[in-house]
Amino acid sequence: YIWHWLIFLNLKNYRCLKIYLVGSSFMVSKLKIALLIIADAIFVNVAYILALLLRFEFSVTSALFENWLSVYLSCWFALTVIKVVIYALMGLYKPLWKYASAEEIVKIVITCMISVSACIAYVNLTQHILPRSVYAIDGLLDVVFVGGIRFAYRWLRNLRAPGSFNLISNNN
């Protein structure tokens with residue numbers, strides 16, 4: 001795609017072209033990581049709200065759901081920051097999951113367990129305690145969403161370059 005722009009701009013200096021391409025790939029990498037962080041932050045909150053909905057059997061109008069939702073909304077930002085920081089510390093933003101495998105699944109499960117434990121510690125310290133089942137459901141949903149984002153990235157890369165990630169070798 002970038003070649004189309006370069007031909008359009010009629011850049012004649014190869015050195016300038018080389019610098020532009022290197023800088024471009026660096027920025028694309030940083031953009032992918034930023035988008036991954038934003039997606040994780042969104043899905044962390046979706047997981048908590050879905051956990052509350054599942055806990056209260058999708059009874060949105062009940063007083064209990066509204067009460068617990070207000071408790072969550074009072075600390076949503078801190079919980080999101082805690083989880084995203086733990087994801088970063090555990091290395092979920094280092095590789096962009098070019099080769100997603102069982103090893104990455106284990107890393108995601110462990111990271112989500114640690115992040116849920118840290119959130120439980122935070123809400124116990126601040127007295128914004130949610131029902132215990134919400135944390136269990138949230139942990140499962142975090143694994144699904146965080147893992148789903150990364151495996152979807154791998155799947156989309158495979159669609160863009162078919163055959164580049166095949167596990168079966170053609171060299172009998």
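The structure displayed is predicted, hence computed values, not measured ones.

What counts, and where the lines are drawn
Residues numbered from 1 in each chain as written. Predicted model: local features only at pLDDT ≥ 70, side-chain atom pairs only at ≥ 80, totals over all residues. Heavy atoms only, no water. Helix = DSSP H or I, 4+ residues; strand = E, 2+ residues; numbered from the N terminus. Areas by Shrake-Rupley, 256 points an atom, 1.4 Å probe, with all protein chains shown as cover. Salt bridge = Lys/Arg side-chain N within 4 Å of Asp/Glu carboxyl O. Buried < 20%, exposed > 50% of the residue type's maximum accessible area, 1.4 Å probe, protein only. Axes fitted to C-alpha atoms, helices over the stretch in contact; angles between N-to-C directions. Left-handed = near helix turned anticlockwise from the far one by under 90°. Contact = heavy atoms within 4.5 Å. Nonpolar A, V, L, I, M, F, W, Y, C, P; charged D, E, K, R; others polar. Expected span 1.5 Å × (residues − 1). Disulfide = S-S within 2.5 Å. pLDDT = per-residue confidence, 0-100. Patch = residues over 30% accessible without salt bridge, like charges linked within 9 Å, V, L, I, M, F, W, Y side chains within 5 Å.

1. Looking at the overall build of the protein
(1) Moving on: Assigned secondary structure in the protein consists of 6 helices and 0 strands.
(2) Moving on: Carbon and sulfur atoms make up 70% of the accessible area of the protein, which totals about 11,400 Å².

2. Some words on the pattern of salt bridges
(1) Moving on: Applying the stated criterion across every chain yields a total of 3 salt bridges.
(2) Moving on: Asp138 is paired through a salt bridge with Lys83; the nearest N and O atoms lie 2.5 Å apart. Of this pair, Asp138 sits in helix H6 (residues 132–160) while Lys83 sits in helix H4 (residues 76–89), and the two are 55 residues apart along the sequence.
(3) Moving on: Its salt-bridge partner being Lys83, residue Asp142 comes within 2.2 Å of it at the nearest N-O pair. Note that Asp142 is positioned in helix H6 and Lys83 in helix H4, a separation of 59 residues in sequence.
(4) Moving on: The exposure class assigned to Asp142 is buried, which follows from its relative accessible area of 1%.
(5) Moving on: A single network of salt bridges, built from pairs that share partners, joins Lys83, Asp138 and Asp142.

3. Side note on the packing of H4 against helix H5 (residues 102–126)
(1) Moving on: Taken N-terminus to C-terminus, the directions of H4 and H5 make an angle of 145°; their axes are 9 Å apart at the nearest point. In this structure, H4 crosses over H5, and the sense of that crossing is right-handed. Along the contact surface, H4 presents Ala78, Leu79, Ile82, Lys83, Ile86 and Tyr87, while H5 presents Thr111, Cys112, Ile114, Ser115, Val116, Ala118, Cys119, Tyr122 and Val123.
(2) Moving on: Residues belonging to the contact of H4 with H5 are distributed by class as follows: 12 nonpolar, 2 polar and 1 charged.

4. Thoughts on H6
(1) Moving on: End to end, H6 covers 42 Å across 29 residues, agreeing with the expected 42 Å (1.5 Å per residue, within 8%).
(2) Moving on: For H6, every residue scored as buried is listed here: Val134, Tyr135, Asp138, Gly139, Leu141, Asp142, Phe145, Val146, Gly147, Ile149, Arg150 and Arg154.

5. Remarks on the state of the cysteines
(1) Moving on: Applying the stated criterion across every chain, the model contains 0 disulfides.
(2) Moving on: Free of any disulfide, Cys75 has its nearest cysteine sulfur in Cys119, 8.6 Å distant.
(3) Moving on: For Cys75, a relative accessible area of 1% translates into the label buried.

6. Things to note about unusual backbone geometry
(1) Moving on: Of note in this structure, Glu57 is not a glycine but carries a positive phi near 55°.
(2) Moving on: With respect to the helices, strands and loops of the structure, Glu57 is situated in the loop between helix H2 (14–55) and helix H3 (63–73).

7. Notes on the confidence of the model for the protein
Low pLDDT marks stretches whose predicted atomic positions should not be read closely.
(1) Moving on: Looking at the protein, pLDDT values average 80 and 73% of them are 70 or higher.
(2) Moving on: Averaged over each element, pLDDT in the protein is lowest for helix H1 (residues 2–9) (44) and highest for H4 (96).
(3) Moving on: With pLDDT under 50 throughout, residues 1–23 is counted as low confidence; its partners more than four residues away or in other chains account for 8 contacts.

8. Quick notes on a nonpolar patch on the surface
(1) Moving on: Together, Leu31, Leu35, Ile38, Ile42, Phe43 and Val46 give the surface a local cluster of nonpolar side chains, amounting to about 520 Å² of exposed area.
(2) Moving on: What makes Phe43 partly exposed here is its relative accessible area of 32%.

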